[in-house]
Amino acid sequence: QLARIQTDSVVEMLCDLYPDLRFEIAVAMSTTGDKILDTALSKIGEKSLFTKELENALERKEVDLVVHSLKDLPTSLPLGFTIGAVCKRENPLDAVVFHPKNCGKTLSLLPEKSVIGTSSLRRAAQLKMKFPQLEFRDIRGNLNTRLKKLDEKEDFSAVILAAAGLKRMGWEHRIGQLLSPEDCLYAVGQGALAVEVRAKDQEILNMVSALHDTDTVLCCIAERAFMKRLEGGCSVPVAVNSVLKDGQLYLTGAVYSLDGSDSLKETMQTSVNYSQQNEDGPNDDVQHVGITAKNIPHQAQEAAENLGVELASLLLSKGAKHILSVARQLNDAR
């Protein structure tokens, strides 16, 4: 349902921009990540968990564009594909939805040993440190399924979900607590929608590029570059927070051990205050961590990508590789 709502919202924007074109939502398909619901996401180990089947349809030209949650897209896309648009970001923060009996509480007010559901190592690692009195347990399934599990059983006192998904589903009223970046840094690309297209399909690429939101693109390029340099994925706890203000892009990035006891966190900034120049020729198809954005200054995109790489390199120089490799080994052994 959420995937359909997200797709409909992108089609609506395209219809407004191109009233003479007809857009058909031809295919609703399940992905590997949708089907394997009895295993933690971090254990499946498939990089393109929610994207492979959709990319196959794109390659066979059964569809011309695919709408994803950007956080589901790996930092390196398969050859021949690109992210042709990154839409304006919804609230990227994580949210707590409480069991009806805990309505009005916050995480700090829950009784000791209360069980919190989350399928994310990143969320669990950060919140275990902040709320050592609580227990964290895997919960899988789409948003509807997870809320049903929360409401109809007594297994969980609360679940942690992305605020963006809840808002898009019209369930903002279920948010009992928004977790600030001080409580919980969010996932790379969280809250942003991406439109994936065939990299050589100039007509489609030009059409969807009108959906790019400059601030979101620059923040997400920095975040994805950070993740790529760290070689992070859903099998390790990597988290970010990015802010673009007055031409300055600030990126906070962190890595955590599985129990959150070991962590590294740093913030860096760079100027992305560049104006668009008329750049024809080879620059047209330059991708920055899988994103093609011709209508956003290349220098700004480069600065954002370099920021992510430099921040990751700083953390690696302080021992991030060790933290992440131990986290990976422990996760594999679970």
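How each quantity is defined
- Residues numbered from 1 in each chain as written.
- Predicted model: local features only at pLDDT ≥ 70, side-chain atom pairs only at ≥ 80, totals over all residues.
- Heavy atoms only, no water.
- UniProt positions renumbered as here; feature names shortened; annotations may be inferred.
- Helix = DSSP H or I, 4+ residues; strand = E, 2+ residues; numbered from the N terminus.
- Contact = heavy atoms within 4.5 Å.
- Pairing = 2+ DSSP bridges.
- Axes fitted to C-alpha atoms, helices over the stretch in contact; angles between N-to-C directions.

- As annotated in an unreviewed UniProt entry, the protein carries the name Porphobilinogen deaminase and comes from Tricholaema leucomelas.
- Listed under Cofactor (unreviewed entry) in UniProt, the entry text for the protein is "dipyrromethane".
- Taken verbatim from the UniProt record of the protein, the Subunit (unreviewed entry) comment is "Monomer."

### Considerations on the environment of Pro92
Then, in step 1: With respect to the helices, strands and loops of the structure, Pro92 is situated in the loop between β2 (81-86) and β3 (94-98).
Then, in step 2: When the C-alpha positions of Pro92 and Tyr186 are compared, they lie 6.7 Å apart, and in sequence the two are 94 residues distant.
Then, in step 3: Those residues within four positions of Pro92 in sequence are excluded, and the remaining contacts are Tyr186, Gln190 and Gly191.

### Quick word on the sheet that holds strand β10 (residues 248-256)
Then, in step 1: Within the open sheet, the three strands sit side by side as β9-β10-β11. Their pairing is antiparallel. With partners counted over all chains shown, the strands left at the sheet margins are β9 (238-245) and β11 (263-271), one partner each. Here the average twist between neighbouring strands, direction ignored, is 10 degrees.
Then, in step 2: Two elements, β10 and β11, share nine bridges in a ladder whose sense is antiparallel. For Ala254, the partnering residue across the bridge sits in β11 and is Lys265.
Then, in step 3: Packed onto the sheet, helix α11 (residues 320-333) meets β9, β10 and β11 and runs at close to 50 degrees relative to β10.

### Topic: the pairing of β9
Then, in step 1: With eight bridges joining them, β9 and β10 adopt antiparallel strand pairing. Bridge assignment links Val240 to a residue of β10, and that residue is Gly253.
Then, in step 2: Here β9 hands over to β10 after two residues, with Asp246 in that stretch at a positive phi of 50 degrees.

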